[in-house]
Amino acid sequence: DTEVTQTPKHLVMGMTNKKSLKCEQHMGHRAMYWYKQKAKKPPELMFVYSYEKLSINESVPSRFSPECPNSSLLNLHLHALQPEDSALYLCASSFGGRDRTNTGELFFGEGSRLTVL
Amino acid sequence: LAKTTQPISMDSYEGQEVNITCSHNNIATNDYITWYQQFPSQGPRFIIQGYKTKVTNEVASLFIPADRKSSTLSLPRVSLSDTAVYYCLVGRLSSGSARQLTFGSGTQLTVLP
């Protein structure tokens, strides 16, 4: 299984709603990532988890709250978002372990397309 | 983090070889060069990675000169399905930790019939 599964694929929410994006992988990867991608722009790194601990937060506003309940799951909790937060949210995972054969390849999900009204 | 510069767009015809060059003047000694492909509304997909000289796999080749300040992704005999955005990334490959990879602006490759 070399898949990263993201749900939901599409989400529409109002600015006062609370919603969550979910990401799951069963490749035994110990590093997981959230990226945000606006139309015709490159993905922007938001958060990095390593061994279920938050290791990088790229100065993301607090209305985005990541959570890593276990090594296979990564959530992104959304609250009080703005219309400009509408984007494709991509989850990725990588091996992140001590293995000299590790290429460091990031495996991406298909993304969750978020629209904030 | 090393910054990368790529052409914004390229056009090619089916069956031709396509070379996309990426500039990364401030690459660090421990940095690897990685290329990803992205189709619309999909996540990026790993193509190839290298440190120096030449790397080849079943879909592409990666050429890296001795000074490592640039790299060239070579796609042999492209088809219409190779139309996508191609990203060059530079970053450290550290065992035991996650990778902090920053995407550059990418190159939109359009393959014409």
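Residues numbered from 1 in each chain as written. Chains lettered and ligands numbered in written order. Predicted model: local features only at pLDDT ≥ 70, side-chain atom pairs only at ≥ 80, totals over all residues. Heavy atoms only, no water.

1. Observations concerning the state of the cysteines
At step 1: Scanning the entire structure with this criterion turns up two disulfides over all chains.
At step 2: Disulfide pairing is shown between Cys22 of chain B and Cys88 of chain B; the S-S distance is 2.2 Å. Measuring handedness by torsion sign, the sulfur bridge of Cys22 of chain B and Cys88 of chain B sits at about -80° and is left-handed. Note that Cys22 of chain B is positioned in strand β2 (residues 18–23) and Cys88 of chain B in strand β8 (residues 84–92), a separation of 66 residues in sequence. Each member of the pair Cys22 of chain B and Cys88 of chain B is classed as buried.
At step 3: Cysteine Cys68 of chain A remains unbridged, with the sulfur of Cys91 of chain A as its closest cysteine sulfur at 9.2 Å. (Disulfide = S-S within 2.5 Å. Helix = DSSP H or I, 4+ residues; strand = E, 2+ residues; numbered from the N terminus. Buried < 20%, exposed > 50% of the residue type's maximum accessible area, 1.4 Å probe, protein only.)

2. Looking at the pairing of strand β7 (residues 64–70) of chain A
Residues and elements named next belong to chain A.
At step 1: Of the pairings in the sheet, the one linking β7 to strand β8 (residues 73–79) comprises five bridges and is antiparallel in character. Along β8, the bridge assignment pairs Pro66 with Leu76.
At step 2: Joining the antiparallel neighbours β7 and β8 is a turn of two residues. (Pairing = 2+ DSSP bridges.)

3. Here's the deal with the pairing of strand β6 (residues 53–57) of chain A
Residue and element names in this part refer to chain A.
At step 1: By the bridge criterion, four bridges tie strand β5 (residues 44–50) to β6 in an arrangement that is antiparallel. For Val48, the partnering residue across the bridge sits in β6 and is Ile56.
At step 2: As consecutive antiparallel partners, β5 and β6 are separated by two residues, and within that stretch Tyr51 has a phi angle of approximately 50°, a positive value.

4. Quick word on the sheet that holds strand β1 (residues 4–7) of chain A
Residue and element names in this part refer to chain A.
At step 1: If you trace the four strands from one edge of the open sheet to the other, you get β1-β3-β8-β7, paired in antiparallel fashion. Edge positions in the sheet fall to β1 and β7, since each has one partner strand and no second. Averaged over all adjacent pairs, the angle separating strand axes in this sheet is 20°, with direction ignored.
At step 2: Note: strand β3 (residues 18–25) against β8, seven bridges, orientation antiparallel. (Axes fitted to C-alpha atoms, helices over the stretch in contact; angles between N-to-C directions.)

5. So, the nonpolar core
At step 1: Counting 23 residues, the largest nonpolar core has Trp34, Phe64, Leu76 and Leu78 of chain A as the members making the most contacts within it.
At step 2: Contributing elements (two or more residues each) for this core: β2 (10–13), β3, β4 (31–37), β5, β7, β8, β9 (87–94) and β11 (112–116) of chain A.
At step 3: In this structure, Cys22, Ile33, Leu73 and Ala84 of chain B belong to the second largest nonpolar core, which totals 20 residues. (Core = buried A, V, L, I, M, F, W, Y, C linked by side-chain atoms within 4.5 Å.)

6. With respect to unusual backbone geometry
At step 1: At the junction of Thr7 of chain A and Pro8 of chain A, the peptide bond is cis and its omega measures out at -10° in the coordinates.
At step 2: Mapped onto the elements of the fold, Pro8 of chain A is located in the loop between β1 and β2.
At step 3: Positioned with a positive phi, Tyr51 of chain A is a non-glycine residue whose angle comes to about 50°.
At step 4: With a phi close to 60°, Ser41 of chain B is a non-glycine residue in the positive phi region.
At step 5: When you line up the elements, Ser41 of chain B lands in the loop between β3 (31–38) and β4 (45–50).

7. A few points about the sheet that holds β3 of chain B
Residues and elements named next belong to chain B.
At step 1: Across the sheet, five strands lie side by side as β1-β9-β8-β3-β4; this open sheet has mixed pairing. Since the sheet does not close on itself, it has two edges, and those belong to β1 (9–13) and β4, each with one partner. On average, each strand axis in the sheet is inclined to that of its neighbour by 25°, with strand direction left out of account.
At step 2: Looking at chain direction, β8 and strand β9 (residues 107–112) are connected through three bridges and run antiparallel. In the sheet register, Tyr86 faces β9, and the bridge partner there is Thr107.

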